[in-house]
Structure formats: structure tokens, C-alpha cells
Amino acid sequence: MKYIYIFVGFVCVGLGAAGVFLPVLPTTPLLLLAAFCFSRGSERFHGWFLSTGLYKKHLKSFAESRSMTLKDKVLIQGFASTMLLIAFIVTDSTAFRILLITVAIGKYYYFARHITTIRVDRLKSH
């Protein structure tokens, strides 16, 4: 079972890394799942994952306090919204456009209601 957890952990890391660039893939939940899988599969891989730049940059503050700075929120939302807008413009499928609008509304709702905005000086004190 440990090998399955390790394998799924690496798959989630790969998909989470791709999610940094592709707004359709949810980066944070995938990286959280990777952390869970590595914690169940291998202390060594779990330690490695927690020390990666991907974890530190995209998940550490969120994992510790379910919070992000306003700057991080704006950057993530801006990039994701741009990618969704490009996909919206280039597609002719009404169903896909409705899906993109639903994803956009969902991500704005989630960021506004479920991720606390913290000040930068509070981050530095941790």
C-alpha cells in the first residue's frame, strides 16, 4: 500500500505543478493530496516534498493557516482568469463556455469565502 501512496503522491505533484500553469487543474488540492499520500507512504518522500519550492511557494502558508496574501490571491486569480478567458475566446462550444464560466465563478467564490487574506507582515512573523 505504501508504494501506491508514493505513486499517487508523485502523480499529484506532477498534476499540481501543471496546475500552476493550467487553471483547469486545481493546484492546491492536488498538492494537499500529494502531501497526504507522501505522509502515508514514506517519511523520506514526505520530508522531500515539504522542502520543495513548489510546496513552499504554493502551499505552505495555505496548509498552515488556510490563508494567502492579497498579492498571492490577485496573482493566482489574474493568471487563472486570463487562461480561462483565452479558452473562452478560442472555443465555439456553448457547453464548454458554460463550464468555463462555472469554473471562474467557483474559483472566485472559493478564494473570497474560504481562503483568508493575510497581511505580509503577519507572514514574516511566522
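Scroll up a little and you will see the structure.
Reading the values: rules and limits
Residues numbered from 1 in each chain as written. Predicted model: local features only at pLDDT ≥ 70, side-chain atom pairs only at ≥ 80, totals over all residues. Heavy atoms only, no water. Helix = DSSP H or I, 4+ residues; strand = E, 2+ residues; numbered from the N terminus. Buried < 20%, exposed > 50% of the residue type's maximum accessible area, 1.4 Å probe, protein only. Expected span 1.5 Å × (residues − 1). Patch = residues over 30% accessible without salt bridge, like charges linked within 9 Å, V, L, I, M, F, W, Y side chains within 5 Å. Areas by Shrake-Rupley, 256 points an atom, 1.4 Å probe, with all protein chains shown as cover. Salt bridge = Lys/Arg side-chain N within 4 Å of Asp/Glu carboxyl O. Core = buried A, V, L, I, M, F, W, Y, C linked by side-chain atoms within 4.5 Å. Contact = heavy atoms within 4.5 Å. Phe/Tyr/Trp six-rings, centres within 6.5 Å; stacked < 30°, edge-to-face > 60°. Lys NZ or Arg CZ within 6 Å of the ring centre and 35° of its normal.

(A) Representation of the environment of Y55. Within the fold, Y55 resides in helix α4 (residues 53-58). The class of Y55 is buried, set by a relative accessible area of 10%. For the pair Y55 and G9, spaced 46 residues apart in sequence, the C-alpha to C-alpha distance is 13 Å.

(B) Up close: helix α2 (residues 27-41). Across its 15 residues, α2 extends 21 Å between first and last C-alpha, which sits within 8% of the 21 Å expected from 1.5 Å per residue. Taken residue by residue, α2 has T27, T28, L30, L31, A34, A35, C37, F38 and G41 as its buried positions.

(C) Main features of a nonpolar patch on the surface. Among the surface-exposed residues, M1, I4, F7, V8, V11, L15, L33 and F36 lie close enough to one another that they form a single nonpolar patch of about 730 Å² accessible area. Listing elements by their share of the nonpolar patch, those giving two or more residues are α1 (2-19) and α2. Counting residues per element, the nonpolar patch draws most heavily on α1, which supplies five residues. For F36, the location among the structural elements is in helix α2. Since its relative accessible area comes to 37%, F36 is described here as partly exposed.

(D) Local environment of the nonpolar core. Grouped together as the largest cluster of nonpolar side chains are 16 residues, with contacts concentrated most on V13, A34, F38, F49, L59 and I115. Sorting the residues of this core by element identifies α1, α2 and α3 (43-51) as the ones contributing at least two each. At five residues, the largest contribution of residues to this core is made by α2. In contact with F49, not counting residues within four places along its chain, are V13, L31, A34, A35, F38, Y55 and L59.

(E) Structural detail: the side chain of K107. Counting through the fold element by element, K107 comes out in helix α7 (residues 94-114). Given the relative accessible area of 12%, K107 is considered buried. Excluding residues within four positions of it along the chain, K107 makes contact with Q77, A80, S81 and L84.

(F) The packing of aromatic side chains, seen in detail. A full pass over the atoms with the stated rule returns nine aromatic pairs. Ring centres of F38 and F45 lie 6.1 Å apart, and the angle between their planes is 35°; on these two criteria the pair is classed as tilted. By relative accessible area, which is 0% here, F38 ends up buried. Centre to centre, the rings of F38 and W48 are 6.0 Å apart; their planes meet at 80°, and the pair counts as edge-to-face. With a gap of ten residues between them, F38 in helix α2 and W48 in helix α3 connect regions that are remote in the sequence. One aromatic cluster in this structure is built from F10, F38, F45, W48, F49 and Y55. The ring of F88 is capped by R97, whose NZ or CZ atom sits 4.7 Å from the centre of that ring. One residue, K107, lies across the ring of Y108, its end atom 3.8 Å from the ring centre.

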